[in-house]
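# Breakdown of the fold
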Amino acid sequence: MSFYETITRYSSFDFGGFLASVTPEQVETIIDKDKLLEHDYLALLSGAAAGFLEPMAHKAASLTRKNFGSVMFIFTPLYVSNHCDNGCPYCSFARQHRIARSHLSNAKIREEACAIARTGMRHILVLTGESRSMASPEYVREAVSVVHEHFSSVSVEVYPMTTEEYAALAAFGADGITIYQETYNEAKYHELHRGGPKDNYVFRLDAPDRAARAGMRAATVGALLGLYEPRSEAFFTGLHAHYVQKTFPSLEVSVAFPRLRPMVREFEAYCEISDRLYVQMLLAARLFLPRCGITVSTRESREFRNAIAPLGVTKMSAGVSTAVGGRAAGSASTSQFEIADNRTLDEMKSDLAGLGFQAVMQDWNSHYLAEEELPSTFNNGIH
Amino acid sequence: MDDLLEIGGKKIRSRLITGSGKYRDERQIGDVVAAADCDIVTVALRRVDFDHPKDSVLAFVPKDKILLPNTSGARTAAEAVRLARLARNMGCGNWVKIEVITDQKYLLPDNMETLAATEILAKEGFVVLPYMSPDLPLAKRLVAAGAAAVMPLGAPIGSNRGLRTLDLLEILVEEIDAPVIVDAGIGRPSHAAQAMEIGAAAVLLNTAIASSNDPVSMARAFRLAVEAGRLAFRAGMGGVSKQGKASSPLTGFLDG
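Definitions and cut-offs
- Residues numbered from 1 in each chain as written.
- Chains lettered and ligands numbered in written order.
- Predicted model: local features only at pLDDT ≥ 70, side-chain atom pairs only at ≥ 80, totals over all residues.
- Helix = DSSP H or I, 4+ residues; strand = E, 2+ residues; numbered from the N terminus.
- Rg over C-alpha atoms; globule rule 2.2 N^0.38 Å.
- Buried ≥ 20, exposed ≤ 12 C-beta atoms within 10 Å, placed from the backbone.
- Contact = placed C-beta atoms within 7 Å.
- Nonpolar A, V, L, I, M, F, W, Y, C, P; charged D, E, K, R; others polar.
- Axes fitted to C-alpha atoms, helices over the stretch in contact; angles between N-to-C directions.
- Parallel < 35°, antiparallel > 145°, perpendicular 65-115°, else oblique.
- Left-handed = near helix turned anticlockwise from the far one by under 90°.
- Pairing = 2+ DSSP bridges.
- Core = buried A, V, L, I, M, F, W, Y, C linked by C-beta atoms within 7 Å.
- pLDDT = per-residue confidence, 0-100.
- Expected span 1.5 Å × (residues − 1).

Before going further, it helps to spend a moment on the overall build of chain A. Across its full length, chain A holds 15 helices and nine strands. Its C-alpha atoms give chain A a radius of gyration of 20 Å, near enough to 21 Å, the size a compact globule of 383 residues would have. Among the 383 residues that make up chain A, the fraction classed as buried is 53%. Considering only residue pairs separated by 6 or more positions, chain A has 76% of its internal contacts joining residues 24 or more positions apart.

Right, let's get into the overall build of chain B. Tallying secondary structure elements over chain B gives eight helices and 10 strands in all. Taking 2.2 N^0.38 as the reference for a compact globule, 256 residues should give roughly 18 Å; the C-alpha atoms of chain B span a radius of gyration of 20 Å, in line with that estimate. Counting only C-alpha atoms and orienting by the principal axes, one finds that chain B spans roughly 80 × 40 × 40 Å. Within chain B, counting contacts between residues at least 6 apart in sequence, those at least 24 apart form 62% of the total.

Between chain B and chain A, the residue contacts involve 36 residues of the former and 34 residues of the latter. Taken together, the elements giving at least two residues each to the side of chain B that touches chain A come down to helix H2 (77-89) and helix H7 (207-210) of chain B. No other element matches the five residues that H2(B) contributes to the side of chain B that touches chain A. Looking at the side of chain B that touches chain A, its residues break down into 11 nonpolar, 11 polar and 14 charged.

A word on the packing of helix H12 (residues 230-247) of chain A against helix H13 (residues 275-288) of chain A. Residues and elements named next belong to chain A. Two elements in contact, H12 and H13, have axes separated by 10 Å at closest approach and are oriented at 25°. Comparing the axis directions of H12 and H13 gives the class roughly parallel. In terms of crossing hand, the pair formed by H12 and H13 is right-handed. Every residue of H13 that contacts H12 at Pro230, Ala234 and Gly238 is listed here: Leu277, Met281, Ala284, Ala285 and Phe288.

As a general feature of sheets, a regular strand has side chains that alternate between the two faces. Residues and elements named next belong to chain A. In terms of residue burial, strand E5 (residues 218-223) counts as a mostly covered element, since six of its six residues are buried. The alternating pattern of E5 places Ala218, Thr220 and Gly222 on one face and Ala219, Val221 and Ala223 on the opposite face, and all of these are buried. Bridging between E5 and strand E6 (residues 252-256) involves five bridges; their strand directions are parallel. Within E6, the position partnered with Ala218 by the bridge is Glu252.

What follows concerns the packing of helix H3 (residues 111-123) of chain B against helix H4 (residues 136-144) of chain B. All names here are of chain B. It is the contact of H3 with H4, at a shortest axis distance of 9 Å, that shows an interaxial angle of 15°. Looking at the two axes, H3 sits roughly parallel to H4. You can see that H3 and H4 cross each other, and the crossing is left-handed. For the pair H3 and H4, contact is made by Asn111, Leu115 and Thr118 and by Leu138, Arg141 and Leu142, respectively. Class assignment of the residues belonging to the contact of H3 with H4 gives a composition of three nonpolar, two polar and one charged.

Attention shifts here to the nonpolar core. The nonpolar side chains of a soluble globular protein tend to be buried, and buried together. With 114 residues, the main nonpolar core has Val126(A) and Val147(A) as its most contacted residues. With nine residues, the top contributor of residues to this core is H13(A). Val147(A) has contacts with Leu78(A), Ile109(A), Ala113(A), Ile124(A), Val126(A) and Val154(A), leaving out every residue within four places of it along the chain. Formed by 83 residues, the second largest nonpolar core is a distinct cluster that contains Val32(B), Val33(B), Ala208(B) and Phe222(B).

Residue and element names in this part refer to chain B. Burial analysis of strand E5 (residues 66-70) places four of its five residues in the buried class, which makes it a mostly covered element. Taken together, the five bridges between strand E4 (residues 40-44) and E5 define a ladder with parallel strand orientation. Along E5, the bridge assignment pairs Val41 with Leu67.

Now for the confidence of the model for chain B. Of the residues in chain B, 96% reach a pLDDT of 70 or more, and the chain-wide mean stands at 91. Confidence metrics for the complex model read pTM 0.89 and ipTM 0.83.

Taken residue by residue, chain A gives an average pLDDT of 90. The fraction at 70 or more is 93%. For the stretch residues 373-383 of chain A, pLDDT sits under 50, and the model shows 19 contacts to residues farther than four places along the chain or on other chains.

Turning to its location among the elements, Val154(A) is positioned in strand E3 (residues 153-157). Linking Val154(A) and Gly176(A), residues 22 residues apart in sequence, is a C-alpha distance of 7.0 Å.

Let's shift gears to helix H8 (residues 215-235) of chain B. All names here are of chain B. Between the first and last C-alpha of H8 there are 30 Å, a value that for 21 residues agrees with the 30 Å anticipated at 1.5 Å per step. Those residues of H8 that sit buried are Pro215, Met218, Ala219, Ala221, Phe222, Arg223, Ala225, Val226, Gly229 and Arg230. The secondary structure elements touched by the buried residues of H8 are strand E3 (16-18), helix H1 (28-36), helix H6 (189-197), strand E10 (202-205) and H7. Backbone geometry just downstream of H8 places Gly236 in the positive-phi region, at approximately 85°.

What follows deals with the environment of Asp40(A). Residue and element names in this part refer to chain A. Along the polypeptide, Asp40 turns up in helix H4 (residues 38-43). For Asp40, a count of 19 C-beta atoms within 10 Å puts it in the partly exposed group. Linking Asp40 and Val296, residues 256 residues apart in sequence, is a C-alpha distance of 24 Å.

Now for unusual backbone geometry. Residues and elements named next belong to chain B. One non-glycine residue, Leu107, adopts positive backbone phi at about 55°. On the secondary structure map, Leu107 appears in the loop between strand E6 (95-98) and H3. With 19 C-beta atoms packed within 10 Å, Leu107 lands in the partly exposed category. At Asn160, a position not held by glycine, the phi torsion is positive, near 60°. Here Asn160 falls in the partly exposed class, since 19 other C-beta atoms lie within 10 Å of it.

Dropping the structure here:
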């Protein structure tokens with residue numbers, strides 16, 4: 001069983017023809033449905049559905065409030081290494097770019113983790129470039145282990161790993177993974193990643209399955225929008241989440257719709273993703289997957305993130321630096337991409353409160369399941 | 001005459017139990033709890049940051065309430081047990097709502113793991129309130145294992161769909177010799193009243209209050225509904241007939 005079976009099922013599907021055939025009447029009917037089928041979801045990504053963003057937004061807002069409440073889960077990324085063995089033409093970390101490479105030692109990671117934890121952040125995402133030699137599974141494990149001492153929950157965004165490697169990460173304190181397929185179009189995927197270690201489409205596609213089998217609690221999937229036809233990318237993102245949710249019901253599944261951002265070298269994107277199309281993707285995903293998490297990063301601007309907060313979003317990053325070593329004092333390396341929202345955590349909290357959302361800093365604490373006795377910091381009775 | 005609910009050796013006045021999650025602002029919790037006039041408040045341990053208790057939801061729950069920590073986030077009995085022990089060690093009392101969920105889509109309880117956790121925690125002296133799918137044999141096993149009450153769902157968590165499991169709930173109320181507390185799915189005061197009318201001992205709800213535009217008013221509405229339903233149950237409700245009373249009785253000849 002693999003999501004690849006679904007991808008194969010759609011390999012000769014005429015997306016353009018289907019999307020062009022959707023009528024406004026069909027869209028109206030779909031918006032009123034309790035449960036959406038695959039083709040309903042695709043219809044909501046059509047040009048016809050673009051005329052119904054307002055009713056879709058109302059439904060998305062209501063579904064999200066019912067399922068998640070008036071809360072926004074907050075996390076922050078920590079880049080620990082930007083060495084990369086891949087040559088992805090759309091990424092600043094790609095091996096062909098002559099950028100300052102950096103690789104944090106355990107001591108430096110601890111310093112960064114402490115600096116971030118002092119801001120009140122409790123959930124953290126550890127990221128590396130995709131280099132098995134420079135950021136080996138052992139290195140990532142060490143990084144997770146160090147960071148875990150300072151945070152309630154640690155996730156990783158690294159190259160796809162084997163089940164055994166994910167299990168080892170989980171044992172060192174990782175709860176979840178984020179992995180972007182970059183593009184779900186197999187031919188485009190191979191075109192962009194030819195020759196590099198990333199050139200294994202199915203191994204990347206099945207990463208959430210392996211993470212789930214390894215005991216991880218959460219997975220975030222998606223495509224990097226701008227590399228290929230965005231409506232089908234959004235469609236497969238939703239289907240991927242749906243597949244993972246159904247196959248591994250105990251896994252908390254989220255999607256994200258990252259748009260290409262300016263980087264160190266110009267890359268000619270397949271297309272621009274307008275705000276209007278982005279919102280349509282967000283709303284369609286929420287209507288198709290009412291219980292699925294939706295993450296929005298600082299690739300999006302403060303104004304845009306504030307505007308879309310009520311439209312189905314459940315998780316946002318804050319206080320972000322995409323450079324290695326960007327938090328503690330000292331020099332930071334080249335950023336993976338330019339961030340568009342520089343708010344501090346307090347500014348985020350304040351904006352969210354103004355929008356009617358409670359910023360939730362901790363939604364899980366993996367230390368609570370630890371085998372050892374309670375940490376010494378746990379010494380105050382509450383009631 | 002006092003109409004108190006007894007759970008775990010405590011006499012409880014209010015039959016409405018509220019939650020503490022999903023609020024846009026946790027400072028609302030105090031006012032909501034006051035308007036609901038409840039005695040028990042459940043708190044998700046997953047969200048409690050014991051390293052920073054002053055910032056945690058616990059700081060917003062009035063001190064005179066019985067704290068009912070729940071094990072939301074647990075995927076196995078072992079995880080639920082660990083969370084419950086942590087809560088007790090942290091001074092959150094010995095009440096626990098067991099919530100073991102292996103399905104993140106509908107958030108339906110895993111009855112098998114729930115039973116396993118109940119068996120362990122009841123032996124350890126916890127007042128165990130297990131959240132469960134309404135299944136009679138399981139409810140009997142939970143009570144035999146020491147559950148202080150059973151908490152069957154009316155509909156999936158957060159769905160606000162009302163008592164979709166009504167027939168099964170009625171069977172539990174009839175057959176289980178422990179309080180039956182309807183938990184999850186109650187979206188409207190009329191749903192809460194209905195649960196009380198069929199003889200539920202109490203109701204637990206959160207989303208319907210927390211996600212309303214005016215949580216304080218909604219909390220008051222639920223308090224009134226629960227009281228009304230309970231009064232109606234105790235007064236003995238008239239039977240419901242789907243047929244009119246025939247003016248020419250078919251068995252009148254027997255009286256002749």
